[in-house]
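# Tertiary structure, described
Single-letter residue listing:
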Amino acid sequence: MNDIFENNKQNLLLINEIVANYRKQNFFVGSLKLSALLKNINSVVEVIFSREDCRDLAGELEQILPALLQAQGNQDYILQADILEGDLLPLLQKIQIKLQEDGTPQVPYFLESNMVILKEKNERLYKVLQNVQGDNAKYVIAYAINGQPTVQARNGNRCFFMHSTMNPEWEAQVLAAGLPAAKNYVVFGMGLGYHVIELLKKYPENKVTVLESEKYLLLQALRYMDWTTYFKENRIEIVYEPDITELIGYLKQMKDYELFMHYPTVQAVENPSIRTLLEDFFVTTSSMREQERFLDANFEKLSERHLPECSEIKSLFYKKNVVIVGAEPSVNQELPSLKQYRNNITIFATGHIAGTLLREGIIPDAIIITDPQPHMYQQVKGLDTKKIPLILLSTASSSVLDYYEGPVYIAYQNGYRKAEEIAEKIGAKAFETGGSVTTTALDIALQFKAEKVIFVGVDLAYTGGNSHAEGVGRRITDTGSLRKVISCSGEEIYTSKNLDIYRKWIERRIANLTGTVIYNTGNGARIAGAPCRRWDEILGE
């Protein structure tokens, strides 16, 4: 009966793989896997039809399988995927639960064979794991619906799973598929190792280094996963340090690797300040990875236009009072001051707020757009921008060019290899982006030697419970996942992980700054090094 359980576990994985391939129109691969599924499912069908207590399940199978075979015969791949995902998958999950309730499954253990090789490869870790206690209050082993072990973690009053409770192996495949190919991977967090195994399987020539601070989890990963082949091939290295700051230091020393941070591992970190640091790092790397698919396409399209480099408009910023206008909540209350002091300032507006400014009769001296998302053209569509220069980051949305009426200049950035190469070739400045449009605008203003930089609408927080300025934002009602920071008035204010990352980046960028004075306005998050002042104090009037 254990063979039936293992076969059905494989069936559950195959269904997910088939559906994913059909949805991507990889019909050949999906059809091959469907053939394997139909062959493999026979043993499960025989058992279900032979058991009196499975009569209802057998009745469902009698309806599902003919419909699936008919869709297969008609080459109706959409219907096949729907039947597999909506009908057969839930049914096989019920069967798997039934088998678990009967006490059928015997989960394979690999601890002994793994430890034999570990002793040879990493004797220090071997000795550490030999002394691990059997039970752990923080981590509890449970079993997913497909029968594979998963683990539930506790951190304070929060409990959460580190792997899927449905199908950990399939979840790991999805995670691995989202990572770009690389020669070396560094994985922060082992869990039970599903995602590490998938990386090793997906890229058979590559090496994976795992950073882990919990010896109990390492022991469980060696218990439930077979690492012997990867140890023998020297493709897996496990770095164990109970002090997470040591792991972070190790990470900083490494070069030429693709980092994958296992987010449940980050959630399990007990020290709040270290957890926040790791969350910031996770958000930054994840954001870069999510936008990566747009960067190259935008860069190529912008390069084809041979746009002038933005240093040609350096005079707009040099020795000027540069006001960086963002689209965050406090900008509305500062509009009168922008009008009052218009002749004394250079207005450097983000694309998001440009429309609001123009409707108020405030014409920016320059606009900046950095986001690579295709819909960024909406920020400037229909605006009278004929006389306003636009600075586009070299990977910003190329769609903007179809709607912007004024002169466009390119800004090359550090951290993107193609942009760095072009900047070096033509002798242009390469700017730090900091991950957002306002942080990029700040670096441009600083590198172009602004006399003063004044933040307007750069709240870096949800001032007044709003996400953005009036007319371009929304109310923030769910604060469960938000952070609290100190506002310019000294009160606590909610912010997001992303906004908090940008605040910290600005503080690092302007620390020990000489030659330019930074000021803040409004009542957003307090920024160290950018005191919040009244306009008459800032401009000396």
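Values in this document were obtained by computation on a predicted structure and should not be read as measured data.

## Describing the overall build of the protein chain
Along the backbone of the protein chain there are 19 helices and 17 strands. Each of the three principal axes of the protein chain carries a C-alpha extent, and together these read 90 × 60 × 45 Å. When burial is assessed residue by residue, the protein chain has 52% of its 541 residues classed as buried. Within the protein chain, residue pairs in contact and separated by at least 24 positions form 64% of the contacts whose partners lie at least 6 positions apart.

## Focus: the pattern of salt bridges
Going through the model one piece at a time under the given rule, you end up with 33 salt bridges. Note that Lys207 is salt-bridged to Glu237, the shortest N-O span being 3.3 Å. Residue Lys207 is located in strand S5 (residues 207-212), and its partner Glu237 is located in strand S6 (residues 236-240); the two are separated by 30 residues in the primary sequence. Between Asp365 and Arg342 there is a salt bridge whose closest N-O contact spans 2.9 Å.

## Observations concerning the pairing of strand S14 (residues 452-456)
Strand residues, when the strand is regular, have side chains that alternate between the two faces of the sheet. The buried fraction of S14 amounts to five of the five residues, a majority that puts the element mostly inside the structure. As paired elements, strand S8 (residues 321-325) and S14 share five bridges and run parallel to each other. Paired with Val322 across the bridge in S14 is Val453.

## Observations regarding the environment of Leu219
Here Leu219 is to be found in helix H9 (residues 215-224). Residue classification places Leu219 among the buried positions, given a relative accessible area of 6%. Expressed as a C-alpha distance, the spacing of Leu219 and Leu111, which sit 108 residues apart in the sequence, is 7.8 Å. If we skip the residues at most four places from it in the chain, Leu219 touches Leu111, Leu129 and Val132.

## A word on unusual backbone geometry
A positive phi angle, near 55°, is found at Asn234, a position not held by glycine. Considering the arrangement of structural elements, one finds Asn234 in the loop between helix H10 (228-232) and S6. Positioned with a positive phi, Lys449 is a non-glycine residue whose angle comes to about 65°. Tracing the sequence through the fold places Lys449 in the loop between helix H17 (437-447) and S14. Lys449 sits in the partly exposed class, given a relative accessible area of 48%.

## Quick word on the sheet that holds strand S4 (residues 184-188)
Spatial ordering of the open sheet is given by S6-S5-S4-S7, a layout of four strands whose pairing is parallel. Strands with a single pairing partner mark the edges of an open sheet, and in this sheet they are S6 and strand S7 (258-261). Neighbour to neighbour, the strand axes of the sheet diverge by 20° on average, direction disregarded. Sheet analysis places S5 next to S6, joined by five bridges and oriented parallel. Opposite Thr209, over in S6, you have Glu237 as the bridge partner.

Cut-offs used in this document
- Residues numbered from 1 in each chain as written.
- Predicted model: local features only at pLDDT ≥ 70, side-chain atom pairs only at ≥ 80, totals over all residues.
- Heavy atoms only, no water.
- Helix = DSSP H or I, 4+ residues; strand = E, 2+ residues; numbered from the N terminus.
- Buried < 20%, exposed > 50% of the residue type's maximum accessible area, 1.4 Å probe, protein only.
- Contact = heavy atoms within 4.5 Å.
- Salt bridge = Lys/Arg side-chain N within 4 Å of Asp/Glu carboxyl O.
- Pairing = 2+ DSSP bridges.
- Axes fitted to C-alpha atoms, helices over the stretch in contact; angles between N-to-C directions.

Function cannot be inferred from these measures alone, as they are strictly geometric.
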